[in-house]
Each structure stands twice: as C-alpha cells, then as structure tokens.
Amino acid sequence: QVQLVESGGGLVQAGGSLRLSCAASGIIYRINVMGWYRQAPGKQRELVATITKDITTNYADSVMGRFTISRDNAKNTVTLQMNSLKPEDTAVYYCNAVARPWATAPSQNYWGQGTQVTVSS
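Right, let's walk through the structure included here. (Residues numbered from 1 in each chain as written. Predicted model: local features only at pLDDT ≥ 70, side-chain atom pairs only at ≥ 80, totals over all residues. Heavy atoms only, no water.)

1. Some remarks on the sheet that holds strand β1 (residues 2-7)
Taken in spatial order, the four strands make up an open sheet running β1-β3-β8-β7, and their pairing is antiparallel. Since the sheet does not close on itself, it has two edges, and those belong to β1 and β7 (67-72), each with one partner. Adjacent strand axes in the sheet meet at a mean angle of 15 degrees, parallel and antiparallel pairs treated alike. Sheet analysis places β7 next to strand β8 (residues 77-82), joined by six bridges and oriented antiparallel. Bridge assignment links Ile69 to a residue of β8, and that residue is Leu80. (Pairing = 2+ DSSP bridges. Helix = DSSP H or I, 4+ residues; strand = E, 2+ residues; numbered from the N terminus. Axes fitted to C-alpha atoms, helices over the stretch in contact; angles between N-to-C directions.)

2. Quick look at the nonpolar core
Grouped together as the largest cluster of nonpolar side chains are 31 residues, with contacts concentrated most on Trp36, Leu80, Met82 and Tyr93. Mapped onto this core, the elements with two or more residues apiece are β1, β3 (18-26), β4 (30-39), β5 (46-52), β7, β8, β9 (91-100) and β11 (115-120). The element best represented in this core is β9, accounting for five residues. (Core = buried A, V, L, I, M, F, W, Y, C linked by side-chain atoms within 4.5 Å. Buried < 20%, exposed > 50% of the residue type's maximum accessible area, 1.4 Å probe, protein only.)

3. A look at the pattern of salt bridges
All told, the structure shown has three salt bridges when counted by the stated rule. In this structure, Asp89 engages Arg38 in a salt bridge whose closest nitrogen and oxygen atoms are separated by 2.9 Å. In this pair, Asp89 is assigned in the loop between β8 and β9 and Arg38 in strand β4, connecting sequence segments 51 residues apart. For the pair shown, Asp89 and Arg38 are each scored as buried. Here Asp89 makes a salt bridge to Arg66, at a shortest N to O gap of 2.8 Å. One end of the pair, Asp89, is in the loop between β8 and β9; the other, Arg66, is in the loop between β6 (57-59) and β7, with 23 residues separating them in the sequence. Owing to a relative accessible area of 11%, Arg66 belongs among the buried residues under this scheme. Connected via shared salt-bridge partners are Arg38, Glu46, Arg66 and Asp89. (Salt bridge = Lys/Arg side-chain N within 4 Å of Asp/Glu carboxyl O.)

No statement about biological role is implied by the geometric values presented.
Now the structure itself:
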C-alpha cells in the first residue's frame, strides 16, 4: 500500500537548523493530509505540524514560528524545515500520511519508520 520514508535527521546545536523530508510511495490513490509527529523518550507521540492537500497548515504551539511544513502534491513529498532548534525538540520524528491506496478504500493512517533529531545545548 503506502510506504513513507523519512530522511534528514541528525545532531545539531541549539539555535541550528535541520530539514526533514518524507517521500510516499506504493499504491496511492489520494493523500489527504501529510504531517510530522515526534516522540521524546518517556513521552507520548505528539503532533508537530500537518498540511492538507490544499496546503492548509497546522502547527503545535511549541514550534509555531520556528518550523515550516511544505508539501509537493505531484511528488507525494512533505518537508519540515526546523529553525532555531531547542534541546526540547530532541525526539524521534515520524512522517504521517492519511491516505487512500485506491478509490474505494477508506482513508488510513500510515507512518514512516522515524528519524532521530538531537539538539545539544
């Protein structure tokens, strides 16, 4: 069905920037929403940012003004530009897609394998 592959995580100092990318492949009829979630050690997975097919965006308050999500509908990719990173941004970041693999299928949640982002102080 739908596979998501992330790239771009790594180690950065506080105040620095990283760019995460996610590409969707496989059997895809329509991707309605793409987004990024993160999970820090000992914490629940939380929303970072989402973007709809018509490019409506939504951000967590904690990243507003620092992170920017964008999407290429033709390529089925989503990108998260992260600026002014803080140690509390350290987490595994997961790409998410709410998608239909074929026209008669219901929308389902798909997840990438996750990419580590570590921000040192």
